[in-house]
Amino acid sequence: MGISGIGAVISPEAYKARKNTDITACSDFDHYVSQADRVKAGTVTAGSSGIVLHGLNDGEEGDKLIGAWAEVCAGCSVSVYKPQDFDADHPVYRVKSWDAEGNVTERMVDISKVDPRNCDSFDMYAYSCHLTETGEYPDAQMRLMMAQAHNRDTYGSFTYQNMFDKTNWLTVLKKAMDMQYTAGNRKGYMDYKKFWDFLNDKYRL
């Protein structure tokens, strides 16, 4: 299960000074990961941001939490659950998101209908959780959230509503990949390229 938080985008110039690590876009990331046990028990506040990372208690009875994400810049929290009646041959997940005021939006995401070339952040996060949960691509959740930092950079001001915008995530990953290459971070470049290659091959782009 992924327990994660993402903060502000780091500029390419600032990144070059720390090119031995990937762009995490979140100074509090380690703090969020360390809160995993608390998240499993209910909810946890993501650092000093005041964003609540919702957990198991927010699912329906019998649901299994497989991913929780505090998107600090957008002021929201997203959780992905495997329903009690989950069918591995036809995977459908329950996705719940909370805005900064605590208003919740819920949807069921049919993985067979998710197109990474044209879907919003919530469907893509559910898809990445599925890839990680099944082991088809274990690093998918992390790669998606890191790429999201680059996607935010295309907006003047990123909000919760922007999370609903249809996005070509292959393009977003390519941008992140190229940025790592330009910064001279071979490992960061290969991390994104592997995920891009995986999706590119899967969708025969």
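Right above here is the structure, for reference.
A brief look at the structure comes next. (Residues numbered from 1 in each chain as written. Predicted model: local features only at pLDDT ≥ 70, side-chain atom pairs only at ≥ 80, totals over all residues. Heavy atoms only, no water.)

For strand S6 (residues 92–98), the buried fraction is high: six of the seven residues fall into the buried class. For strand S5 (residues 76–82) and S6, the ladder comprises five bridges, and the chain directions are antiparallel. The residue bridging Val78 from the neighbouring strand is Ser97, located in S6. Here S6 folds back onto strand S7 (residues 104–110) in antiparallel fashion, the turn holding five residues, of which Gly102 has a positive phi close to 90°. (Buried < 20%, exposed > 50% of the residue type's maximum accessible area, 1.4 Å probe, protein only. Helix = DSSP H or I, 4+ residues; strand = E, 2+ residues; numbered from the N terminus. Pairing = 2+ DSSP bridges.)

So, on to the pattern of salt bridges. Counted under the stated rule, the structure contains 14 salt bridges. The partner of Arg94 in a salt bridge is Asp63, with the nearest N and O atoms 2.8 Å apart. Of this pair, Arg94 sits in strand S6 while Asp63 sits in the loop between strand S3 (51–54) and strand S4 (64–71), and the two are 31 residues apart along the sequence. With respect to class, Arg94 is no different from Asp63; both count as buried. Through salt bridges with shared partners, a single network forms among Asp139, Arg143, Lys187 and Asp191. (Salt bridge = Lys/Arg side-chain N within 4 Å of Asp/Glu carboxyl O.)

Running from N to C, helix H4 (residues 121–134) and helix H5 (residues 140–152) point in directions that differ by 150°, and their axes come no closer than 7 Å. One finds that H4 runs roughly antiparallel with respect to H5. Residues Ser121, Met124, Tyr125, Ser128, Cys129, Leu131 and Thr132 of H4 form the contact with H5, whose own contacting residues are Ala140, Gln141, Leu144, Met145 and Gln148. Taken together, the residues that form the contact of H4 with H5 break down as seven nonpolar, five polar and no charged. (Axes fitted to C-alpha atoms, helices over the stretch in contact; angles between N-to-C directions. Parallel < 35°, antiparallel > 145°, perpendicular 65-115°, else oblique. Contact = heavy atoms within 4.5 Å. Nonpolar A, V, L, I, M, F, W, Y, C, P; charged D, E, K, R; others polar.)

So far we have only geometry, and geometry alone does not tell us how the molecule works.
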